[in-house]
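Coordinate analysis (summary)
Chain by chain, the residues run as shown.
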Amino acid sequence: MNDWNEDRLDRELNAMMEAIPESEELEVKIMRSINRRIRKSVMRTLALVASIILAAVLIINPLLNAMYINPYELNQKPEQTMLHVLRDYYETTHPYRELIGLEVKKKGFARYELGMQIADLTQPVHIGGSNVWCDINYGKYENLVTTDVPITHYANRFSDNWESQEEMIQKISELPRSAKIYLSVSDTAPKSVDELRSLPVTAKWMQVYQPNAAYNGGIALEMAALYTDDDEREDKTAEQLLEIYLGNLENLLNHPAIWTQMQLCDGRNTVYTDQILVETFEDAKTLSSLTSKNYCVYGQRDDVLHFLQENTLDVVYVENVRLW
């Protein structure tokens, strides 16, 4: 302690004070240390979030897409399975309706948006954009929106006769000669394809007469959109039309996930589940030709009057009247 005189003590204290950084420099070092720790924490968090997102995109998204129906993949060319199955569904179940086009957008994680153009064949058909939209989320059709075309089932089309045939003739005769009338009718006896084509009106659609099957599907005798040779119906024989009908039913049975939520109806007061179509298909394979009691026709006023006067019908339902 003898060595520690007052002068030496002052020198040591001064040296210690010089070794301590100024307050501003100390603050800067502290902030730098804090910022480094924050950056490290943020980077770890971002890395974790990125890993979760990457796992979702690379693992969960493909897994969900594989678990549920994938309309985007099913609508890819050249097969366009989604389009053709839905075209067959509307042809089989909806007179005067035809799916013209279909677009599918991916929304990720088994969610898709469908844009469809469904034509009302009692109106002039203009090929253009979508008029019916819906979502398919986890295999379920949701959020259906339609602008100008009803696509719900009409369960009584061929079963309820609200007016007598004579009253219908009287009302139609009061229309202008330029009027075009679209009818759905139930005949008293089945007609062959040739008989339908020889009517004074144009046969548009026919429900295949299958008395041994609970559900009877339909086939169009005219198509607005031509995707395949089978869509050109005007020159097809009854045997060829039967093959097309069988092909439509088989296509539906092979892809139930695409259409079964929409159900089946044949306009005779009953809505069926998809299982009934197996019976219809098996029965259709035993048919030798096509006949129909329930069918759709259209024509100018005088032609429609001629048709109604020459044929005795159980049901006459007016789908639409275009005056000009």
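Please refer to the structure higher up on the page.
Notes on the structure in this doc start here. Everything numeric in this text was worked out from a predicted model, so none of it was measured.

**Considering the packing of aromatic side chains**
Scanning the entire structure with this criterion turns up eight aromatic pairs. A ring pair is formed by Tyr 96 and Tyr 182, whose centres lie 5.9 Å apart and whose planes are at 80°; its orientation type is edge-to-face. Residue Tyr 96 is located in the loop between α4 (81-93) and β1 (97-106), and its partner Tyr 182 is located in strand β5 (residues 180-192); the two are separated by 86 residues in the primary sequence. Take Tyr 96 and Tyr 182: they sit in the same class, and that class is buried. With a centroid separation of 5.0 Å and an interplanar angle of 40°, the aromatic rings of Tyr 154 and Tyr 317 are classed as tilted. Remark: Tyr 317 occurs in strand β11 (residues 313-322) and Tyr 154 occurs in the loop between β4 (140-146) and α5 (165-173); sequence separation between them is 163 residues. Overall, the relative accessible area of 26% leaves Tyr 154 in the partly exposed class. Here a set of aromatic residues connected by ring pairs shows up, and it is made of Tyr 89, Tyr 90 and Trp 259.

**Structural notes on the sheet that holds β4**
Hydrogen bonds between backbone groups are what pair the strands of a sheet, and the pairing can be parallel or antiparallel. Spatially, the four strands line up as an open sheet ordered β1-β2-β3-β4, and their pairing is antiparallel. The sheet is open, and its two borders are formed by β1 and β4, each paired with just one other strand. Between one strand axis and the next, the sheet turns through 20° on average, direction left out of account. Taken together, the five bridges between strand β3 (residues 132-137) and β4 define a ladder with antiparallel strand orientation. In the sheet register, Val 132 faces β4, and the bridge partner there is Thr 146. Its contacts with the sheet place α4 against β1, β2 (111-120), β3 and β4, and it is angled at close to 150° to β1.

**So, the pattern of salt bridges**
For the structure shown, the criterion picks out 14 salt bridges. Notably, a salt bridge pairs Lys 171 with Glu 163, separated by 2.6 Å at the nearest N-O pair. Judged by its relative accessible area of 25%, Glu 163 is partly exposed. Note that Arg 233 and Asp 231 form a salt bridge whose closest N and O atoms lie 3.9 Å from each other. Several salt bridges converge on common partners, so that one network encompasses Arg 87, Glu 91, Glu 98, Asp 231 and Arg 233.

**Notes on a nonpolar patch on the surface**
A cluster of nonpolar side chains, namely Met 67, Tyr 68 and Tyr 138, defines an oily patch on the protein surface of about 300 Å² accessible area. Along the chain, Tyr 138 turns up in the loop between β3 and β4.

**Quick look at helix α7 (residues 238-254)**
Across its 17 residues, α7 extends 24 Å between first and last C-alpha, which sits within 8% of the 24 Å expected from 1.5 Å per residue. Within the sequence span of α7, burial applies to Ala 238, Leu 241, Leu 242, Ile 244, Tyr 245, Leu 246, Asn 248, Leu 249, Asn 251 and Leu 252. Looking at the buried side of α7, the elements it contacts are α4, α6 (193-197), β7 (218-220), α8 (256-259) and α9 (276-284).

**Side note on the side chain of Asn 70**
Along the chain, Asn 70 turns up in the loop between α2 (23-67) and α3 (71-74). The class for Asn 70 is buried, based on a relative accessible area of 17%. Contacts of Asn 70, omitting those with residues within four sequence positions, involve Asn 65 and Tyr 112.

**Focus: a negative patch on the surface**
Negative charge collects at one region of the surface, where Asp 229, Asp 230, Glu 232, Glu 234 and Asp 235 lie side by side. Mapped onto the elements, Glu 232 comes out in the loop between β7 and α7. Residue class for Glu 232 comes out partly exposed when judged on its relative accessible area of 43%.

Reading the values: rules and limits
- Residues numbered from 1 in each chain as written.
- Predicted model: local features only at pLDDT ≥ 70, side-chain atom pairs only at ≥ 80, totals over all residues.
- Heavy atoms only, no water.
- Phe/Tyr/Trp six-rings, centres within 6.5 Å; stacked < 30°, edge-to-face > 60°.
- Helix = DSSP H or I, 4+ residues; strand = E, 2+ residues; numbered from the N terminus.
- Buried < 20%, exposed > 50% of the residue type's maximum accessible area, 1.4 Å probe, protein only.
- Pairing = 2+ DSSP bridges.
- Axes fitted to C-alpha atoms, helices over the stretch in contact; angles between N-to-C directions.
- Contact = heavy atoms within 4.5 Å.
- Salt bridge = Lys/Arg side-chain N within 4 Å of Asp/Glu carboxyl O.
- Patch = residues over 30% accessible without salt bridge, like charges linked within 9 Å, V, L, I, M, F, W, Y side chains within 5 Å.
- Areas by Shrake-Rupley, 256 points an atom, 1.4 Å probe, with all protein chains shown as cover.
- Expected span 1.5 Å × (residues − 1).
- Lys, Arg positive; Asp, Glu negative; His and termini not counted.
- Charge placed at Lys NZ, Arg CZ, Asp CG, Glu CD.

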